[in-house]
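Architecture at a glance
Residue strings, one per chain:
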Amino acid sequence: MEVSIVNSSAVHRLRLVSAPEGISFILLLICSVLKRTTSFDAVLVMGMVHGILFILYVIFWIQAWQAQKWDVKRGALLFVLSVLPLGGFFAERMLGREERGELQPATA
């Protein structure tokens, strides 16, 4: 099996923001439920935190896609993972495996 060289800076940045983005999404969902069921209201703060992390994810996703020359399937999968509640954790794991050379980067 041939191991491809991964542009570690672009993929690494995307990987670093994946898990915090996933955590912030889950916390935002929890805050939304708590806002409607209790007097606790942290949606504004968590919404801002999640929004910033999501924007960073998208910026780093574009940079990694361009640097790695991923095919449409890989790029789309990593974007879809960013909008699923637990997707950030799967993206982080997949990118970590790719960074370590355990998973071949899909290229066009």
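Residues numbered from 1 in each chain as written. Predicted model: local features only at pLDDT ≥ 70, side-chain atom pairs only at ≥ 80, totals over all residues. Heavy atoms only, no water.

A few points about helix α3 (residues 72-82)
Our working rule: Accessibility here uses a 1.4 Å probe with only protein chains present; expressed as a share of the type maximum, an area under 20% marks a residue as buried, one over 50% as exposed, and anything in between as partly exposed. Runs of H or I in DSSP of at least four residues are treated as helices and runs of E of at least two as strands, each being numbered from the N terminus. In this description, one arc is meant: the one made by directions from the helix axis to the C-beta atoms.
Every buried residue of α3 is listed here: R74, G75, L78, L81 and S82. Within α3, the buried residues cover an arc of 130 degrees as seen down the axis, which keeps them to one side. Of the exposed residues in α3, those oriented more than 90 degrees away from the buried face are V72 and K73.

Side note on the packing of aromatic side chains
Selection rule: Ring pairs are drawn from Phe, Tyr and Trp, using the six-membered ring of Trp, whenever the two centres fall within 6.5 Å, and their geometry is named by plane angle: stacked under 30 degrees, edge-to-face over 60, tilted for the rest.
In this structure the tally under the stated criterion is three aromatic pairs. Seen in terms of ring centroids, W61 and W65 are 5.1 Å apart; in terms of plane orientation they differ by 55 degrees. Their pairing is tilted. Residue W61 and its partner W65 are located together in helix α2 (residues 43-68), separated by four residues, close to a single helical turn. Given a relative accessible area of 12%, W61 falls into the buried group. An aromatic cluster is present here, built from F54, W61, W65 and F79 joined pairwise through their rings.

Let's talk about a nonpolar patch on the surface
Our working definition: Each patch is built from salt-bridge-free residues with over 30% relative accessible area, joining like charges within 9 Å and nonpolar side chains (Val, Leu, Ile, Met, Phe, Trp, Tyr) within 5 Å. For the accessible areas, the method is Shrake-Rupley and the probe is 1.4 Å, while residue cover comes only from the protein chains on display. One speaks of a salt bridge when a side-chain nitrogen belonging to Lys or Arg is within 4 Å of a carboxyl oxygen belonging to Asp or Glu.
The grouping of I23, L27, I30, L86, F89 and F90 at the surface amounts to a nonpolar patch, some 540 Å² of accessible area in total. Every element with two or more residues in the nonpolar patch is listed here: α1 (8-37) and α4 (87-99). Counting residues per element, the nonpolar patch draws most heavily on α1, which supplies three residues. Note on placement: F90 falls in helix α4.

A word on the side chain of S82
Definition in use: In protein, a polar contact requires one atom able to donate a hydrogen and another able to accept it; more generally it is a pair of N or O atoms within 3.5 Å, and residues adjacent in sequence count only if both atoms are side-chain atoms. Should any heavy atoms of two residues lie within 4.5 Å, those residues are considered in contact.
Looking at the element boundaries, S82 is found in helix α3. Looking at S82, its side chain comes within polar contact range of the main-chain oxygen of F79, at 2.5 Å. Residues within four places of S82 in sequence aside, it is in contact with E21, F54 and Y57.

Re the nonpolar core
Applied cut-off: As used here, the term nonpolar core means buried Ala, Val, Leu, Ile, Met, Phe, Trp, Tyr and Cys residues forming a set that is joined through side-chain atoms within 4.5 Å.
Core analysis: the biggest nonpolar cluster contains 15 residues, and L14, V17, Y57, A64, W70, L78 and L95 have the highest contact counts within it. Broken down by secondary-structure element, the contributors of at least two residues to this core are α1, α2, α3 and α4. Residues within four places of V17 in sequence aside, it is in contact with L53, L56, Y57 and F60. Core analysis: the next-biggest nonpolar cluster, separate from the first, contains five residues, L28, C31, A42 and V43 among them.

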